[in-house]
Amino acid sequence: MSKGTTTRQRIIENAAPLFNQLGFAGCSMQDILEATGLQKGGLYRHFSGKEELAAEAFRYALSRAMTSRMPAADPSLNAVEHLRKLIEQFVEAPSAIPGGCPLLNTAVDADDGNSVLRDLARNGLNEWRARIAQIVSRGLRRKEIRAGARPQALANIIIATLEGALMISRLEESKAALYDARSFLEDFVSRLASPPPPR
């Protein structure tokens, strides 16, 4: 990796927590200069401006969050077990980036403003939803999940419940809402399991 590439990556890694905690409008280029120890010219050598840096910082933060919160593929797990593990990991894994979930933060932050970040957040949501829907679809094919289950709808329910609980937990500075969400979702996905074949 070249020195320029290394420096660019270091800027992104330092900027990601700032944007995640302060939002696009709240994070100034001066904040980033102080965090990286660079001069303005050094920063603009790698990024055209704040918007490009914010977009790269979000991509980095989301990638870290997805890696920490999505369980690795495990062929020994059936679809219901995989969903339960996903729920458990979301609730128990600490945030990979200071400031909490970058998807939730950026979606709220960019709701009325930055269209680039809004599109990136939407793409991140679509990717997460697709991963969950893929687990459900595989479970349907393998008859591990009851026929008639709708993969996209189930993914929406899981994501909305977890992200909503995360927002409440952050506001209340307590994991109680996350634990309630986990209990509800674990019961919910358990009821998706196909009944055992008759003997």
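In this text, all values refer to a predicted model and were calculated from it rather than measured experimentally.

Further remarks concern helix α8 (residues 151–172). With 22 residues, α8 ought to run about 32 Å at 1.5 Å a step, and its terminal C-alpha atoms sit 32 Å apart, in line with that. For α8, the set of buried residues is Pro 151, Leu 154, Ala 155, Ile 158, Ile 159, Leu 162, Glu 163, Ala 165, Leu 166 and Ser 169. Taken down its axis, α8 places every buried residue within 160° of arc, on the same side. In α8, the exposed positions that point more than 90 degrees away from the buried face belong to Ala 160, Leu 171 and Glu 172.

Before going further, it helps to examine helix α6 (residues 102–109). Restricting attention to buried positions, one finds in α6 the residues Pro 102, Leu 103, Leu 104 and Thr 106. Where the residues of α6 are buried, they touch α1 (3–26), α4 (50–69), α7 (115–141) and α8.

This part covers the pattern of salt bridges. Any two side chains of opposite charge can pair, so long as their charged atoms come close to each other. Throughout the structure, instances matching the rule amount to 7 salt bridges. In this structure, Arg 182 engages Glu 88 in a salt bridge whose closest nitrogen and oxygen atoms are separated by 3.3 Å. Taken together, the positions of Arg 182 in helix α9 (residues 176–190) and Glu 88 in helix α5 (residues 79–92) put the pair 94 residues apart, joining distant regions of the chain. Owing to a relative accessible area of 31%, Glu 88 belongs among the partly exposed residues under this scheme. Between Arg 131 and Glu 127 there is a salt bridge; the shortest N-O distance is 2.9 Å. Within this pair, Arg 131 and its partner Glu 127 are both found in helix α7, separated by 4 residues, close to a single helical turn. By relative accessible area, which is 32% here, Arg 131 ends up partly exposed. With a relative accessible area of 36%, Glu 127 lands in the partly exposed category.

This part takes up the confidence of the model for the protein chain. Of the residues in the protein chain, 97% have a pLDDT of 70 or more, and the chain-wide mean is 91. Of all helices and strands in the protein chain, the one with the weakest mean pLDDT is helix α3 (residues 40–44) (85), whereas α9 scores best (97).

In this section: the environment of Arg 131. Spatially, the C-alpha atoms of Arg 131 and Phe 47 are 31 Å apart, while their sequence positions differ by 84 residues. In this structure Arg 131 touches Met 66 and Met 70, once residues within four positions along its chain are discounted. Within polar-contact distance, the side chain of Arg 131 engages the side chain of Glu 127 at 2.9 Å.

With that out of the way, let us pick up the side chain of Thr 36. Structurally, Thr 36 can be placed in helix α2 (residues 29–36). Here Thr 36 falls in the buried class, since its relative accessible area comes to 7%. Here Ile 32 takes part through its backbone oxygen, which lies 2.9 Å from a polar atom of the side chain of Thr 36. Excluding residues that lie within four positions of it along the chain, Thr 36 makes contacts with Arg 10, Ile 11 and Asn 14.

Turning next to the packing of α4 against α7. Two numbers describe how α4 lies on α7: the axes approach to 10 Å, and their chain directions differ by 15°. As summarised for this structure, α4 and α7 are arranged roughly parallel, according to the angle between their axes. As for how α4 packs across α7, the hand of that crossing is right-handed. Seen from α4, the contacting residues are Glu 51, Ala 54, Ala 55, Phe 58, Arg 59, Leu 62 and Met 66; seen from α7, they are Val 116, Leu 117, Leu 120, Ala 121, Gly 124, Glu 127, Trp 128 and Arg 131.

What counts and what doesn't
- Residues numbered from 1 in each chain as written.
- Predicted model: local features only at pLDDT ≥ 70, side-chain atom pairs only at ≥ 80, totals over all residues.
- Heavy atoms only, no water.
- Helix = DSSP H or I, 4+ residues; strand = E, 2+ residues; numbered from the N terminus.
- Expected span 1.5 Å × (residues − 1).
- Buried < 20%, exposed > 50% of the residue type's maximum accessible area, 1.4 Å probe, protein only.
- Arc of directions from axis to C-beta.
- Contact = heavy atoms within 4.5 Å.
- Salt bridge = Lys/Arg side-chain N within 4 Å of Asp/Glu carboxyl O.
- pLDDT = per-residue confidence, 0-100.
- Polar contact = N/O pair within 3.5 Å; in protein donor to acceptor, adjacent residues only side chain to side chain.
- Axes fitted to C-alpha atoms, helices over the stretch in contact; angles between N-to-C directions.
- Parallel < 35°, antiparallel > 145°, perpendicular 65-115°, else oblique.
- Left-handed = near helix turned anticlockwise from the far one by under 90°.

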